[in-house]
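Structural overview for review
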Amino acid sequence: MAPMGIRLSPLGIAVFCLLGVGVIYHLYAGVLSSRFASFRQKPNVDLRDLLALSVEAAVQGGREVKRIREDNTLEEKSKGKTKEGASEKLTLGDLNSHRKMFYLMKNTYPYIQVNSEEHANAEGEATLWTRIIPEEILAKISGGKEVPADKITVWIDPLDATQEYTENLRKYVTTMVCVAVDGNPVIGVIHKPFNGYTAWGFVGEGSSVAPRASYNTNSPKVIVSRSHSGKVKSFVQAAFGNNTEIIPAGGAGYKVLALLDSTDKEQEMADMYIHVTYIKKWDICAGDAILRALGGQMTTLKGEQIDYSGSEGNTGGLLASIKTDHKGLVKRLPPWEENKQ
């Protein structure tokens, strides 16, 4: 109907109707567009919940690691060579732990990115998180620390120290989860499946572990990878002297725990951790987060912070320390070029 007092021809009426339909279309299109945008927008995640989930994932993965080792059903095979030329082992422990950890994380938060060392094509686990937060976490960490899901990257290591696992050197074996926000490690969990020891840290909030009272940087004990202890020996001694005690060990998680005060009687103690070759981010992210939560540092050998977004590898080596002059330690290191390692 035309406005009062105005008479329209049939053509005018048709134009008026079309204009009305156009206005209504644009109004509805705007509403629908905004609603679709809200559906596409990924929700926020409470980091305390994600810490509790990370602990549960590490523990569940660890149960598989322990069960398969004790049943002696490793089904060991090689998945290729490392950059240093060593055989890179793969076992049923790696794969089953991956399935438990990866799908527990993804079934609970399907919209966060989860990077795992393993990429099993088997069907996913139907496991869902109970949303039970351990008393220790409730006591130390308050809730309400939410971040957008698209800023989160989770790195999981279903079985750290696979070589040692195949050799039945159980003390070195860990499962690990790390949560990075905008590439910065914020939450780290390291779990030892064979004795049940778990360490976690939440940067700026709290930790289940603590630093030791003191560290010796004049005649330090330096923990390094047993797979290339010969290569790192000359590098370490050039920095800290020929009498420096070098501790070869398996597993990056184990090496980080060597820097902390621990109730684990199997854990060796060291003053710093040095690595001089290529290493994957799922090996080091959890330890980096725990050290940061305690005021320590893990950097490349040139003193640069490690970015836990993008590619899976860290090519800059690493130096980890706590309660020391980290920059001073970096300056004592001999010249290092990643393309020579």
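Before reading on, note that the structure itself is shown above.
Here is a short report on the structure shown in this document. (Residues numbered from 1 in each chain as written. Predicted model: local features only at pLDDT ≥ 70, side-chain atom pairs only at ≥ 80, totals over all residues. Heavy atoms only, no water.)

On to the sheet that holds strand S12 (residues 221–225), then. Pairing is mixed across the open sheet formed by 5 strands, whose spatial order is S13-S12-S15-S19-S17. Sheet topology places strand S13 (245–249) and strand S17 (297–299) at the edges, where each strand pairs with a single neighbour. Neighbour-to-neighbour, the strand axes of the sheet open up by a mean angle of 20°, direction not taken into account. Alignment of S12 against S13, held across 5 bridges, turns out to be parallel. The residue bridging Val222 from the neighbouring strand is Ile246, located in S13. Packed onto the sheet, helix H6 (residues 229–240) meets S12, S13 and strand S15 (272–275) and runs at close to 125° relative to S15. Sheet contacts for helix H8 (residues 281–293): S17 and strand S19 (318–321); angle to S17, the most-contacted strand, approximately 140°. (Pairing = 2+ DSSP bridges. Helix = DSSP H or I, 4+ residues; strand = E, 2+ residues; numbered from the N terminus. Axes fitted to C-alpha atoms, helices over the stretch in contact; angles between N-to-C directions. Contact = heavy atoms within 4.5 Å.)

Within this structure, the stated rule accounts for 14 salt bridges. Between Glu64 and Arg67 there is a salt bridge whose closest N-O contact spans 2.8 Å. Taken together, the residues span about one helical turn, with Glu64 and Arg67 both in helix H2 (residues 47–71) at a distance of 3 residues. Since its relative accessible area comes to 14%, Glu64 is described here as buried. Among the salt bridges present, the one from Asp264 reaches Lys192, with a minimum N-O distance of 2.5 Å. Of the two residues, Asp264 sits in the loop between strand S14 (260–261) and S15 while Lys192 sits in the loop between strand S8 (184–191) and strand S9 (198–202), which places them 72 residues apart along the sequence. Exposure remark for Asp264: the relative accessible area of 9% places this residue in the buried category. Of the residues examined, Lys192 reaches a relative accessible area of 3% and is grouped as buried. In this structure, a network of salt bridges that share partners links the residues Glu64, Arg67 and Asp71. (Salt bridge = Lys/Arg side-chain N within 4 Å of Asp/Glu carboxyl O. Buried < 20%, exposed > 50% of the residue type's maximum accessible area, 1.4 Å probe, protein only.)

Counting through the fold element by element, Arg69 comes out in helix H2. One buried charged side chain, Arg69, makes no salt bridge at all; its nearest oppositely charged neighbour is Glu76, positioned 6.9 Å away. Side-chain polar atoms of Arg69 contact the backbone oxygen of Tyr165, separated by 2.7 Å. (Lys, Arg positive; Asp, Glu negative; His and termini not counted. Polar contact = N/O pair within 3.5 Å; in protein donor to acceptor, adjacent residues only side chain to side chain.)

Regular strands place their side chains on alternate faces of the sheet. For S8, a buried count of 7 out of 8 residues is recorded, marking the element as mostly surrounded by other parts of the structure. Between strand S7 (residues 174–181) and S8, which pair antiparallel one after the other, the connecting turn spans 2 residues, and Asp182 there sits at a positive phi close to 55°. Direction of pairing for S8 relative to S9: antiparallel, over a ladder of 5 bridges. The residue bridging His191 from the neighbouring strand is Thr198, located in S9. What sits between S8 and S9 in their antiparallel hairpin is a turn of 6 residues, with Gly196 showing a positive phi close to 80°.

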